[in-house]
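Single-letter residue listing:
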Amino acid sequence: MAPPKQVTIASVISFALGGLCILLGLFALTSAGEQIAETLTGDPGRRGLVVAVILICGAAYILPAIFVRKRRPWARIMLIVVAALGIMGGVSALPGSLLGLALHVALLVMMLQQPTKLWFTHR
């Protein structure tokens, strides 16, 4: 049985957000890394920490994006948690984070809709 459209769309959004994190992490490895680290932490010397956190965040998006389509319940829960954390971060960064906030709200709503719940419970 094919996944509901909510699962497919959420998977694509999550994979895209993870890809953007990976790109930012790779960009932080370039000469702009110190400036990125200073912007995010206030200390240009924390470039390594910033890269590590960004790559972990990327994995937190990509991992459930892959496994939610394979009907793994843990991936749905992980995506709900990641979306909730993204909403909290988006609210704290308003008004500059409207797009990110909207994407995380969409992820959360799609993972909590009835077709998604039924697809994961009826195996």
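Residues numbered from 1 in each chain as written. Predicted model: local features only at pLDDT ≥ 70, side-chain atom pairs only at ≥ 80, totals over all residues. Heavy atoms only, no water.

Colleague: Describe in detail the overall build of the chain, supporting the description with residues and values.
Modeller: Check the secondary structure of the chain and you find six helices and zero strands. The order of helices and strands in the chain, counted from the N terminus, is α-α-α-α-α-α. Each principal axis of the C-alpha atoms in the chain carries an extent, and together these give about 50 × 25 × 15 Å. Evaluated residue by residue, the chain yields a buried proportion of 36% over its 123 residues. (Helix = DSSP H or I, 4+ residues; strand = E, 2+ residues; numbered from the N terminus. Buried < 20%, exposed > 50% of the residue type's maximum accessible area, 1.4 Å probe, protein only.)

Colleague: Which residues make up the nonpolar core, and what are the values?
Modeller: Taken as a class, soluble globular proteins show a tendency for nonpolar side chains to be buried jointly. Among the nonpolar cores identified, the biggest contains 24 residues, and Val7, Ala10, Val68, Leu107 and Met111 are the most heavily contacted of them. The contact partners of Val7, leaving out residues within four places of it in the chain, are Val68, Arg69, Met111, Thr116, Trp119 and Phe120. (Core = buried A, V, L, I, M, F, W, Y, C linked by side-chain atoms within 4.5 Å. Contact = heavy atoms within 4.5 Å.)

Colleague: Outline the state of the cysteines, supporting the account with residue identities and numerical values.
Modeller: Counted under the stated rule, the structure contains zero disulfides. The thiol of Cys21 is unpaired, and the distance to the nearest cysteine sulfur, on Cys57, comes to 5.6 Å. (Disulfide = S-S within 2.5 Å.)

Colleague: So what about the environment of Phe67? Which residues, and what values?
Modeller: Residue placement: Phe67 occurs in helix H3 (residues 47-68). Among residues more than four places away in sequence, those in contact with Phe67 are Arg72, Trp74 and Ala75.

Colleague: Tell me about the environment of Leu49, residues and numbers included.
Modeller: When you line up the elements, Leu49 lands in helix H3. Taking the relative accessible area as the measure of exposure, Leu49 reaches 46% and is therefore partly exposed. Taking the C-alpha atoms as reference points, Leu49 and Ala37, twelve residues apart in sequence, are found 8.4 Å from one another.

Colleague: Describe unusual backbone geometry, with residues and values.
Modeller: The backbone of Arg71 sits at a positive phi, close to 70 degrees, despite the residue not being glycine. In this structure, Arg71 sits in the loop between H3 and helix H4 (73-92).

Colleague: Would you mind going over the packing of aromatic side chains in detail, with residue names and values included?
Modeller: Tallied over the entire structure, the rule returns two aromatic pairs. Look at Phe67 and Trp74: their rings are 5.2 Å apart centre to centre, the planes differ by 45 degrees, and that puts the pair in the tilted class. Judged by its relative accessible area of 40%, Trp74 is partly exposed. Aromatic pair Trp119 and Phe120: ring centres 5.1 Å apart, planes at 80 degrees, arrangement edge-to-face. Across the pair, exposure class does not vary: Trp119 and Phe120 are buried alike. (Phe/Tyr/Trp six-rings, centres within 6.5 Å; stacked < 30°, edge-to-face > 60°.)

So yeah, pure geometry; function would need other evidence.
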